[in-house]
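The primary structure of each chain is shown beneath.
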Amino acid sequence: EPEVTQTPSHQVTQMGQEVILRCVPISNHLYFYWYRQILGQKVEFLVSFYNNEISEKSEIFDDQFSVERPDGSNFTLKIRSTKLEDSAMYFCASRLNQETQYFGPGTRLLVL
Amino acid sequence: SQQGEEDPQALSIQEGENATMNCSYKTSINNLQWYRQNSGRGLVHLILIRSNEREKHSGRLRVTLDTSKKSSSLLITASRAADTASYFCAPVGFNNAGNMLTFGGGTRLMVKP
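Quick caveat: nothing in here was measured; it's all calculated off a predicted structure. (Residues numbered from 1 in each chain as written. Chains lettered and ligands numbered in written order. Predicted model: local features only at pLDDT ≥ 70, side-chain atom pairs only at ≥ 80, totals over all residues. Heavy atoms only, no water.)

K.L.:
Go over the sheet that holds strand β8 (residues 75-79) of chain A, please, and point to the residues and values.
P.N.:
The strands that make up a sheet are held in pairs by hydrogen bonds between backbone atoms, and each pair lies either parallel or antiparallel. Residues and elements named next belong to chain A. Strand order in the open sheet formed by four strands is β1-β3-β8-β7, with antiparallel pairing between adjacent strands. Lying at the two open borders of the sheet, with one neighbouring strand each, are β1 (5-7) and β7 (65-68). Going from strand to strand, the sheet's axes swing by 20 degrees on average, the running direction of each strand aside. (Pairing = 2+ DSSP bridges. Helix = DSSP H or I, 4+ residues; strand = E, 2+ residues; numbered from the N terminus. Axes fitted to C-alpha atoms, helices over the stretch in contact; angles between N-to-C directions.)

The following block contains the structure:
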């Protein structure tokens with residue numbers, strides 16, 4: 001069964017460094033999402049992406065964040081200058097036309 | 001988008017028993033989805049119920065929707081230890097064309113063998 005994959009599974013970085021989290025959505029899907037979950041807290045929506053542009057973003061998704069679909073398969077989330085509070089699990093999700101979203105296993109980001 | 005609130009926050013049962021989780025929301029919805037999250041893992045879609053449906057089944061799962069009370073329930077019958085996870089509802093409004101999901105705190109279900 002097709003799956004959303006994410007790399008790396010874990011990333012440790014120093015505050016102020018740039019990180020790129022990678023996702024490979026399910027191949028024929030059209031809508032792409034990033035969510036994050038700070039340890040012990042709710043899963044929070046960050047951004048949705050469709051037709052090569054951002055369709056919605058939350059207040060969390062400020063100028064430090066960007067997303068890109070550089071080719072036909074990858075979907076990336078870049079954090080330009082990481083802060084301690086960016087430490088969280090980041091989930092990518094994708095869907096076709098139906099409402100069901102398929103989530104990847106997540107990337108655990110730790111900012112020191 | 002709107003957030004669902006799950007109740008109870010935590011539920012502990014014995015294997016073989018049924019587990020019922022509830023979700024309440026505030027405004028009209030197009031559909032409501034239930035997801036499961038095993039500890040530290042991604043969310044897995046369980047079931048979607050549309051606003052014009054009252055009940056839906058999928059294997060051992062039964063979901064009901066009462067739009068007049070703005071509530072939904074998820075019943076897991078004959079629970080297994082592998083059902084231990086957090087369960088979330090995500091109501092999706094009509095004006096949510098992007099289908100972004102907003103999650104509450106979830107119900108943490110523990111099924112003891």
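K.L.:
Would you mind going over the layout of surface pockets in detail, with residue names and values included?
P.N.:
The computed volume of the largest pocket comes to approximately 500 Å³. Along the wall of the largest pocket there are 24 residues; nearest its centre are Q37 and G40 of chain A together with Q37, S86 and R108 of chain B. Elements supplying a minimum of two residues to the lining of the largest pocket: β9 (88-95) of chain A together with β1 (5-7), β9 (85-92) and β10 (107-112) of chain B. Looking at the lining of the largest pocket, its residues break down into eight nonpolar, twelve polar and four charged. Volume-wise, the second largest pocket comes out at about 390 Å³. If you trace the second largest pocket, you find 16 residues lining it, with E3, F103 and G104 of chain A together with L43 and V44 of chain B closest to the centre. The element that contributes the greatest number of residues to the lining of the second largest pocket is strand β5 (residues 43-50) of chain B, accounting for three residues. (1 Å grid on protein atoms, 1.4 Å probe; cavity = no way out; pocket = protein on both sides within 12 Å on 5 of 7 lines; lining within 4 Å. Points joined across faces, edges and corners; volume = space filled by probe spheres on them. Nonpolar A, V, L, I, M, F, W, Y, C, P; charged D, E, K, R; others polar.)

K.L.:
Give me unusual backbone geometry: which residues, what numbers.
P.N.:
With omega at -10 degrees, the peptide bond leading from T7 of chain A into P8 of chain A counts as cis. Of note, the bond from D7 of chain B into P8 of chain B is cis; its omega dihedral lies within 30 degrees of zero at 0 degrees. Topologically, P8 of chain B is positioned in the loop between β1 and β2 (10-14). The backbone of K70 of chain B sits at a positive phi, close to 50 degrees, despite the residue not being glycine. Mapping K70 of chain B onto the fold places it in the loop between β7 (61-66) and β8 (71-76).

K.L.:
Account for the interface of chain A and chain B, with residues named and values stated.
P.N.:
With 17 residues of chain A in contact, the opposing surface of chain B contributes 22 residues. Roughly 1,600 Å² of surface becomes buried between chain A and chain B when both sides are summed, with 51% attributable to carbon and sulfur atoms. Per-residue buried area on chain A facing chain B is highest for K42, E99 and F103 of chain A; these three make up 35% of the total on that side. Counting every contact that joins chain A to chain B gives zero salt bridges. Put simply, chain A and chain B have three residue pairs in polar contact (both at pLDDT 80 or more) between them. Listing elements by their share of the side of chain A that touches chain B, those giving two or more residues are β4 (31-37), β5 (43-50) and β9 of chain A. Of the residues that constitute the side of chain A that touches chain B, the class distribution is eight nonpolar, four polar and five charged. (Contact = heavy atoms within 4.5 Å. Buried area = accessible area lost by both parts, 1.4 Å probe. Salt bridge = Lys/Arg side-chain N within 4 Å of Asp/Glu carboxyl O. Polar contact = N/O pair within 3.5 Å; in protein donor to acceptor, adjacent residues only side chain to side chain.)

K.L.:
So what about the sheet that holds β5 of chain B? Which residues, and what values?
P.N.:
All names here are of chain B. Ordered by their spatial adjacency, five strands build an open sheet running β2-β10-β9-β4-β5, and the pairing between neighbours is mixed. Both edges of this open sheet fall to β2 and β5, since each of them pairs with a single strand only. Ignoring which end each strand starts from, the neighbouring axes of this sheet average 25 degrees apart. Alignment of strand β4 (residues 31-37) against β9, held across seven bridges, turns out to be antiparallel. Considered in β9, the bridge of Q33 is made with A90.

K.L.:
Give me the lowdown on the environment of E55 of chain B, citing residues and values where you can.
P.N.:
Residues and elements named next belong to chain B. Structurally, E55 is set in strand β6 (residues 55-58). Taking the C-alpha atoms as reference points, E55 and S73, separated by 18 residues in sequence, lie 9.5 Å from one another. Ignoring anything within four residues of it in the chain, the contact list for E55 reads I49, R62, V63 and T64. At 2.7 Å, the side chain of E55 forms a polar contact with the side chain of H57. Within polar-contact distance, the side chain of E55 engages the side chain of R62 at 3.2 Å.

K.L.:
If you had to explain the packing of aromatic side chains to someone new, which residues and values would you point to?
P.N.:
Taken as a whole and assessed by the stated rule, the structure comprises 13 aromatic pairs over all chains. Ring centres of F103 of chain A and F103 of chain B lie 6.3 Å apart, and the angle between their planes is 65 degrees; on these two criteria the pair is classed as edge-to-face. Separated into two different chains, F103 of chain A in strand β10 (residues 102-103) and F103 of chain B in the loop between β9 and β10 make up a pair that spans both. For F103 of chain B, a relative accessible area of 1% corresponds to the buried category. (Phe/Tyr/Trp six-rings, centres within 6.5 Å; stacked < 30°, edge-to-face > 60°. Buried < 20%, exposed > 50% of the residue type's maximum accessible area, 1.4 Å probe, protein only.)

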